[in-house]
Amino acid sequence: MLEISNEKIAQVVLMVREGRRGTPELRGLFERMTEEEVLSLVVVMWIGRGSFQTDEIPDAVTEALGRDAPLINYLMGTPHLSDHLENGAEALGVRLSEDEDDLIRGG
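So, here's what we can say about the structure.

Definitions and cut-offs
Residues numbered from 1 in each chain as written. Predicted model: local features only at pLDDT ≥ 70, side-chain atom pairs only at ≥ 80, totals over all residues. Heavy atoms only, no water. Buried < 20%, exposed > 50% of the residue type's maximum accessible area, 1.4 Å probe, protein only. Helix = DSSP H or I, 4+ residues; strand = E, 2+ residues; numbered from the N terminus. Contact = heavy atoms within 4.5 Å. Phe/Tyr/Trp six-rings, centres within 6.5 Å; stacked < 30°, edge-to-face > 60°.

Here's the deal with helix α2 (residues 24–32)
Since one α-helical turn is 3.6 residues long, residues separated by three or four positions face the same way. When we look at burial in α2, the residues that qualify are Leu26, Gly28, Leu29 and Phe30. The inward-facing, buried residues of α2 contact α1 (6–17), α3 (35–49), α5 (71–76) and α6 (81–91).

In structure tokens form, the structure reads like this:
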């Protein structure tokens, strides 16, 4: 049901950790993502912060689709985004550390 690669989640985590949370580079990354990827990123973030459980993904998707504000702006303004994404990925059984290492090594 989620439509985003582990590598893209890891890339966002790394950019946010590097202090680029509010930068044009991060916004550009979000804008290059499909709508489904951005939506999935929001859902993973919500799972990571405890707003939804892993078995509530359809409810989280419905909630995200019903938001008035653009999801990219919402993500850009979310405190602790990298922590929430890592926690959400882990709750979904995904460890991002290998993807993060690959991205770091790859430049």
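As for the packing of aromatic side chains
In total, this model carries two aromatic pairs according to the counting rule given. Each ring, one from tryptophan 46 and one from tyrosine 74, has its centre 6.0 Å from the other, and the planes form 65°; the classification is edge-to-face. Here tryptophan 46, found in helix α3, pairs with tyrosine 74, found in helix α5; they are 28 residues apart in sequence, far enough to count as distant. Tyrosine 74 matches tryptophan 46 in its accessibility class, with the two residues each being buried.

Focus on the environment of threonine 54
For threonine 54, the position within the fold is in the loop between α3 and α4 (57–65). Taking relative accessible area as the criterion, threonine 54 reaches 36% and is therefore assigned partly exposed. Setting aside chain neighbours within four positions, we find threonine 54 in contact with Ile47, Ala91 and Leu92.

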